[in-house]
Amino acid sequence: MKGILGSQENTGFASRIPQPRYHESGRGNPSCREAQQGQQPKSGHREREHHTYRPLRMGESITQKVSHFDRHGNTMECDTRSTFVVTGSNKVIEADKVKAFCSVCGNAESEVILSAISQQSLCERCRRVYESPAGEKLNVSPHELHFLLRQHDTWKDHDRRNKS
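The rules behind these values
Residues numbered from 1 in each chain as written. Predicted model: local features only at pLDDT ≥ 70, side-chain atom pairs only at ≥ 80, totals over all residues. Heavy atoms only, no water. Helix = DSSP H or I, 4+ residues; strand = E, 2+ residues; numbered from the N terminus. Buried < 20%, exposed > 50% of the residue type's maximum accessible area, 1.4 Å probe, protein only. Contact = heavy atoms within 4.5 Å. Areas by Shrake-Rupley, 256 points an atom, 1.4 Å probe, with all protein chains shown as cover. Arc of directions from axis to C-beta. pLDDT = per-residue confidence, 0-100. Pairing = 2+ DSSP bridges. Phe/Tyr/Trp six-rings, centres within 6.5 Å; stacked < 30°, edge-to-face > 60°. Salt bridge = Lys/Arg side-chain N within 4 Å of Asp/Glu carboxyl O.

Asks: Would you take a moment to explain the overall build of the protein chain for this structure?
Replies: The helix and strand inventory of the protein chain stands at 3 helices and 10 strands. Ordering the α and β elements of the protein chain from the N terminus gives α-β-β-β-β-β-β-β-β-β-β-α-α. A burial count over the protein chain gives 27% of its 164 residues as buried. Considering only contacts in the protein chain between residues 6 or more positions apart, those separated by 24 or more positions represent 35%. With the model as given, the accessible surface of the protein chain reaches about 11900 Å², and the carbon-plus-sulfur share is 50%.

Asks: Before we go on, may I ask you to explain helix H2 (residues 142-151) in this structure?
Replies: Given 3.6 residues to a turn, an α-helix orients residues that are three or four positions apart in the same direction. Residues Glu-144, Leu-145 and Leu-148 constitute the buried set of H2. The arc that holds every buried residue of H2, seen down its axis, measures 100°, which confines them to one face. Exposed residues on H2 whose side chains face more than 90 degrees from its buried face are His-143, Phe-147 and Arg-150. Elements that come into contact with the buried residues of H2 comprise strand S9 (128-131) and strand S10 (137-140).

Asks: Is there a simple way to explain the confidence of the model for the protein chain in this structure?
Replies: Regions with low pLDDT carry predicted coordinates that are not meant to be interpreted in detail. Confidence in the prediction for the protein chain averages 76 pLDDT; 73% of positions are at 70 or higher. Considering only residues more than four positions removed or in separate chains, one finds that residues 1-34, a stretch of pLDDT under 50, has 34 contacts.

Asks: Would you mind showing me how to read the pairing of S9 here?
Replies: In the case of a regular strand, side chains alternate between the two sheet surfaces. Strand direction decides the pairing type here: S9 and S10, joined by 4 bridges, are antiparallel. Bridged to Arg-128 within S10 is Val-140. The turn linking S9 back onto S10 is made up of 5 residues, and Gly-135 within it adopts a positive phi angle of 100°.

Asks: Where do I start with the packing of aromatic side chains in this structure?
Replies: How two aromatic rings sit relative to each other is set out by the distance from centre to centre and by the angle between their planes. With the rule as written, the count across this model stands at 1 aromatic pair. Pairing Tyr-53 with Phe-84 gives two aromatic rings, centres 5.5 Å apart and planes at 20°, and the pair type is stacked. Pair noted here: Tyr-53 is in strand S1 (residues 44-55) and Phe-84 is in strand S3 (residues 75-86), with a separation of 31 residues, a long-range link. Among the residues examined, Phe-84 registers a relative accessible area of 18% and is labelled buried.

Asks: So what exactly am I meant to see when it comes to the pattern of salt bridges here?
Replies: Pairing is possible between side chains that carry opposite charge, provided their charged atoms lie close to one another. Taken as a whole and judged by the stated rule, the model has 6 salt bridges. Between Glu-77 and Arg-48 there is a salt bridge; the shortest N-O distance is 3.2 Å. Taken together, the positions of Glu-77 in strand S3 and Arg-48 in strand S1 put the pair 29 residues apart, joining distant regions of the chain. Judged by its relative accessible area of 10%, Glu-77 is buried.

Asks: Help me understand the side chain of Ser-141, please; the structure alone is not making it clear to me.
Replies: In this structure, Ser-141 sits in the loop between S10 and H2. Apart from residues lying up to four places away in sequence, Ser-141 is in contact with Val-104, Ser-115, Leu-122, Cys-126 and Arg-128.

Asks: How should I be thinking about the environment of Ala-95 in this particular structure?
Replies: Residue placement: Ala-95 occurs in the loop between strand S4 (92-94) and strand S5 (100-101). Residues Ala-95 and Gln-64, spaced 31 residues apart in sequence, show a C-alpha to C-alpha distance of 5.7 Å. Leave out the neighbours within four places in its chain, and Ala-95 touches Ile-62, Gln-64 and Val-85.

Rendered as structure tokens:
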């Protein structure tokens, strides 16, 4: 009997559901060949990898890689979850590559940038560059830059630039 979706035996949605694909690490494993052909492996193992990207704040801890094993019949399944850190300067790094935390916003950073005045660590977003009257460039925080600009003598700077 024909219905709206076709013959009676093909009316379910099971025929349209894609079959799972398995990542096998062994090349000579018979279950690997079956998985490559789209069949459910009779024995062996399956591996799945999941990646997570998230910012890391000061005081938080993070685990780089976690593996979870389950046994389903003759098949061993391994789920591996890897977590990567998004730094304050929008770089993606591994969790063990974090070297400092910004004292202003608290984001993790892969490089250590210190303020020339307070020696506190800064991220790339919070770092400001102040050019002193002597001509040297200093890394400072936004608050320190505001203070330095209020104390800056523009007349001395103007005289220094015109002497050259």
